[in-house]
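Each chain is listed here by its residues.
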Amino acid sequence: MGGGPAGLTAGIYAARGRLDVILLEAKPLTGGQIATTDIVENYPGFPEPVSGAELMDRMRKQAERFGLPFATADITKITPRDDGFLLEGARTSYLARAVIVATGTEPRRLGVPGEKEFWGMGVTTCATCDGPLYRDKPVAVVGGGDSAVKEAVYLTNFASVVYLLHRRDRLRAETVIQEQALANDKIDVRWDTVVTAMLGDAESGLTGLALQNVKTEEASELAVDCVFLYVGVLANTDMVEGLVALDDAGLIITDNDMATNVPGIFAAGDCRSKTLKQVATAVGEGAAAAFSAQEYLTGGPYGAGC
Ligand SMILES: Cc1cc2nc3c(=O)[nH]c(=O)nc-3n(C[C@H](O)[C@H](O)[C@H](O)COP(=O)(O)OP(=O)(O)OC[C@H]3O[C@@H](n4cnc5c(N)ncnc54)[C@H](O)[C@@H]3O)c2cc1C
C-alpha cells in the first residue's frame, strides 16, 4: 500500500521475486511526497540534481518492467482473517496473505483562522505545484526543518521575496540547506515568529498574514500573496490503528526487518516510527519489507515481528 519510494521499491523487489503482488495507491498518480519537490540533491546515483517527479517516474518505469500491477485504491481498513487480511477501499476490496504498509505521511496544517477559507487560494503545502504562480510576488514559508528551508530556496526562483517564518531562533534544517538559504538575498528570515491568522478576501484570496513574535508578544501583519506550510506531518496509518502497534505520533513500530507486531503485516518508509525520513531510507526499508514478506510467505522467520 502506497506508491511513494518505499511502496514502489517494495513492489520492484516483490515483482522481481515473482510474488503475486499488487501496488495499491490512493491517488491516481504514483510518486508520493517526493514527487512534489523540484530538486533532489541527496539521493545516491544522481551526481546532478534530479526533480522528484523524474526520480519517481524512473522508479515507476522500473516497477513496470518487472510487471508490477497498480490499482488506485485508498485503503481505509485492514481486517485479519484466517486466510490473510481483507483490505477495504471505497470501491474495491482486496484479500492478501501479507501486507506492506508504505502510506507515508500528510502535511500538517496550522489550524489558524483563515487557513481553511483560503486553502488553495494562497495557502498551500506544495512549492513545486504553486511556486511558479507567484512570479515577482512576495510569499512566505512557515517552518524551520529541511522541507521548509529547501522549498524557501526553491521559491526564490520566482518570488520577489521569500519570508521564512520560524517559531524558534534557529533552524532545524541540515547545515548545507541552511547555508544555501542564509546566503540567499531573497530570503528574509523572521525568527521567533508564529502565524496567528491568515488574512484576505473572497475575491483576492490570501493577501497577508497576522504574525506574533513569541518572545516579545509583539503583533504585526505581513503582506504576502501566498503562504507555503512546512510545519510537520501526520501519519497515514488510520487503516491499521488498533491493529498494529503505533508510537505516540501514530507511526508504525517495526523491528529491523520491517515486521510489525502482527505476523504478515510489514511497514516501510515515512509511516514507520524512525528518525530519518528521506528517499534513501524509504527505498532501503521498502526492499527489506518485500524480502521479509517473501520470507513470511515461504515459511521464513519474519512472521514473528517485534
Ligand atoms: C517538500 C519536500 C521536500 C523533500 N525533499 C527531499 C529530498 O530532497 N531528499 C529526500 O531524500 N527526501 C525529501 N523529502 C522527504 C521524502 O519525500 C520522503 O521521505 C519520502 O517521500 C517517503 O517515501 P514513502 O514512500 O515512505 O512515503 P510517501 O512519499 O509519502 O508516499 C506514500 C504514498 O502512500 C499513499 N497513500 C497514503 N494513504 C494511503 C492509503 N490509505 N491507501 C493507499 N495509498 C495510500 C500516498 O498517496 C502516497 O503516494 C521531501 C519531502 C517534502 C514534503
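Everything quoted here is computed from the prediction, not taken from an experiment.

Definitions and limits used
Residues numbered from 1 in each chain as written. Predicted model: local features only at pLDDT ≥ 70, side-chain atom pairs only at ≥ 80, totals over all residues. Near = placed C-beta within 6 Å. Helix = DSSP H or I, 4+ residues; strand = E, 2+ residues; numbered from the N terminus. Nonpolar A, V, L, I, M, F, W, Y, C, P; charged D, E, K, R; others polar. Domains from an automatic or database assignment. Contact = placed C-beta atoms within 7 Å. Axes fitted to C-alpha atoms, helices over the stretch in contact; angles between N-to-C directions. Parallel < 35°, antiparallel > 145°, perpendicular 65-115°, else oblique. Left-handed = near helix turned anticlockwise from the far one by under 90°. Pairing = 2+ DSSP bridges. Buried ≥ 20, exposed ≤ 12 C-beta atoms within 10 Å, placed from the backbone. Right-handed = clockwise from strand over helix to strand, strands pointing away.

**So, the site of the ligand**
Close contacts around the ligand come from 37 residues, with G2, G4, G32, G104 and G269 the closest. Sorting the residues of the shell around the ligand by element identifies α1 (5–16), β1 (23–25), α4 (146–155) and α6 (279–297) as the ones contributing at least two each. The class makeup of the residues in the shell around the ligand is 14 nonpolar, 16 polar and seven charged. Looking at which domains feed residues into the shell around the ligand, each of domain 1 (5–107 + 233–297) and domain 2 (123–229) supplies at least three.

**Describing the domain arrangement of the protein**
Accessible area lost upon the coming together of the parts is a frequently used measure of interface size. As far as domains go, the protein holds domain 1 (5–107 + 233–297) and domain 2 (123–229). A separation of 31 Å is found between the C-alpha centroids of domain 1 and domain 2. Each partner contributes to the interface: domain 1 provides five residues, whereas domain 2 provides six residues. Split into classes, the residues belonging to the side of domain 1 that touches domain 2 amount to two nonpolar, two polar and one charged.

**Describing the packing of α1 against α6**
Following both chains from N to C, one finds α1 and α6 inclined at 40°, their axes separated by 7 Å at the closest point. Taken together, the axes of α1 and α6 are oblique relative to one another. Crossing geometry of α1 relative to α6 is assigned as right-handed. Along the contact surface, α1 presents P5, A6, G7, T9, A10, Y13 and A14, while α6 presents V279, A282, V283, E285, G286, A287, A289, A290, F291, A293 and Q294.

**Re the pairing of strand β5 (residues 93–96)**
Summarising the sheet, strand β4 (residues 84–88) and β5 pair through four bridges and their orientation is antiparallel. Residue pairing across strands places L86 opposite L95, the latter belonging to β5. In textbook terms, the turn of a hairpin is the stretch between consecutive antiparallel strands, and for β4 and β5 this stretch comprises four residues.

**What about α4?**
With nine of ten residues buried, α4 is to be regarded as a mostly interior element. Every buried residue of α4 is accounted for by S147, A148, V149, K150, E151, A152, V153, Y154 and L155. Contacts made by the buried residues of α4 are with α3 (127–130), β9 (138–142), β10 (161–165), α5 (175–182), β11 (187–190) and β15 (226–229).

**Some thoughts on the pairing of β10**
The buried fraction of β10 amounts to four of the five residues, a majority that puts the element mostly inside the structure. Note that β9 and β10 share five bridges and pair parallel. Looking across to β10, one finds that V139 is bridged to V162. Following the backbone out of β9, through α4 and into the adjacent parallel β10, one traces a crossover that is right-handed. The handedness of the β10 to β11 crossover, carried by α5, is right-handed.

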